[in-house]
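Next come the chains, spelled out residue by residue.
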Amino acid sequence: MKVLVLHSHPVEESYGAALHRQTLASLKRGGHEVDDCNLYAEGFDPVLSRHDRLIYHDYPENTEALKSYVERLERAEALVIVTPVWNFGFPAILKGYFDRVWLPGVSFELVDGKVRSKLQHIRKLGAVLTYGADPFRAFIAGNPPKKIVKRVLRAQIKPFAPVVFLAHYDMNRSTETSRKEFLAKVGREMERF
């Protein structure tokens, strides 16, 4: 399967970067063809400019500035997101990726005023997330990142697509053991992905 991996952590020596490396290696061991989209390393510009917004609905003109990212998304058969959760949301660079690349004509089209997905070729979705908050605090806050992955993104690809959701909560009090165990779990799950 062709897997597009979206990674968004700015520090190469971070635990998030270790999770990214583990995800890539495990997917490859599992026989997948991996497209590593490391947003920080690639210098992705997450800002939706005035011009971008004015041509937002004008397909294919709306894709010209991001043609390579659009092509990568269109080739994908699966999507895996590897990111920290900051303030119960995705880092701005990842949010900007969705705002700028998942465009009308690319991820959806309007038919008689209704949204129809154009990402049916993506058959599986995965997420490897780290949270500063513990599971209870994330639950009380509504856990927006989990809902975005398991509801919003899933609905934009295939409503009943399988989702692998892996989260290391309470990173603020994590231990070397908890991080090691989660890294191993990511390895096992991504190899089976």
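This text goes with the structure placed above it.
Computed from a predicted model, the values in this text were never measured in an experiment.

Caption draft 1: Expanded view of the packing of aromatic side chains. Inspection of the entire model under this criterion finds seven aromatic pairs. An angle of 75° between the planes, with centres 6.5 Å apart, marks the rings of tyrosine 69 and tyrosine 97 as edge-to-face. Here tyrosine 97 lies in helix H4 (residues 92–101) and tyrosine 69 lies in helix H3 (residues 67–75), a separation of 28 residues in the sequence. Classification of tyrosine 69 as buried rests on a relative accessible area of 11%. The residue whose ring lies beneath arginine 53 is tyrosine 56, and the NZ or CZ to ring-centre distance is 4.7 Å. The residue whose ring lies beneath lysine 118 is tyrosine 59, and the NZ or CZ to ring-centre distance is 5.6 Å.

Caption draft 2: The arrangement of the sheet that holds strand E7 (residues 163–168) in detail. The strand order E2-E1-E3-E6-E7 describes an open sheet built from five strands, whose pairing is parallel. Two strands in the sheet have a free side with no partner beyond their single neighbour: strand E2 (33–38) and E7. Going from strand to strand, the sheet's axes swing by 15° on average, the running direction of each strand aside. Strand contacts of helix H6 (residues 144–157): strand E3 (78–85), strand E6 (124–131) and E7, with the helix running at about 165° to E6, the strand carrying the most contacts. Each of E3, E6 and E7 is contacted by helix H7 (residues 176–192), which is oriented at about 170° to E7, the strand it contacts most.

Caption draft 3: Representation of the environment of lysine 2 in the model. Inspection of the secondary structure puts lysine 2 in strand E1 (residues 2–7). Relative accessible area serves as the criterion here: at 35%, lysine 2 is assigned to the partly exposed category. Along the chain, lysine 2 and aspartate 134 lie 132 residues apart, while their C-alpha atoms are 33 Å from each other. With residues up to four places along the chain from it excluded, the contact list for lysine 2 reads Glu33, Arg75, Ala76, Glu77 and Ala78.

Criteria and thresholds
- The written sequence of each chain sets the order in which its residues are numbered from 1.
- Confidence filtering applies because this is a predicted model: local features only for residues at pLDDT of at least 70, side-chain atom pairs given and counted only at 80 or more, and all residues used for totals across whole chains, interfaces and linings.
- The side-chain figures draw on all heavy atoms in the structure; neither hydrogens nor water molecules are used.
- Stacked, edge-to-face and tilted labels apply to pairs of Phe, Tyr and Trp rings (six-membered ring for Trp) whose centres lie within 6.5 Å, assigned for plane angles under 30 degrees, over 60, and everything in between, in that order.
- Only DSSP runs of H or I reaching four residues or more are called helices, and only runs of E reaching two or more are called strands; each is numbered from the N terminus.
- Burial status follows relative accessibility: with a 1.4 Å probe on protein chains alone, a residue under 20% of its type maximum counts as buried, one over 50% as exposed, and anything between as partly exposed.
- Any Lys NZ or Arg CZ that is within 6 Å of a ring centre and within 35 degrees of that ring's normal is treated as a charge sitting over the ring.
- In this scheme, strands are said to pair when DSSP sees at least two bridges between them.
- Axis definition: a line fit to C-alpha positions, over the contact stretch in the case of helices; interaxial angles, taken between N-to-C directions, run 0 to 180 degrees.
- Whether two residues are in contact is decided by their heavy atoms, any of which lying within 4.5 Å being enough.

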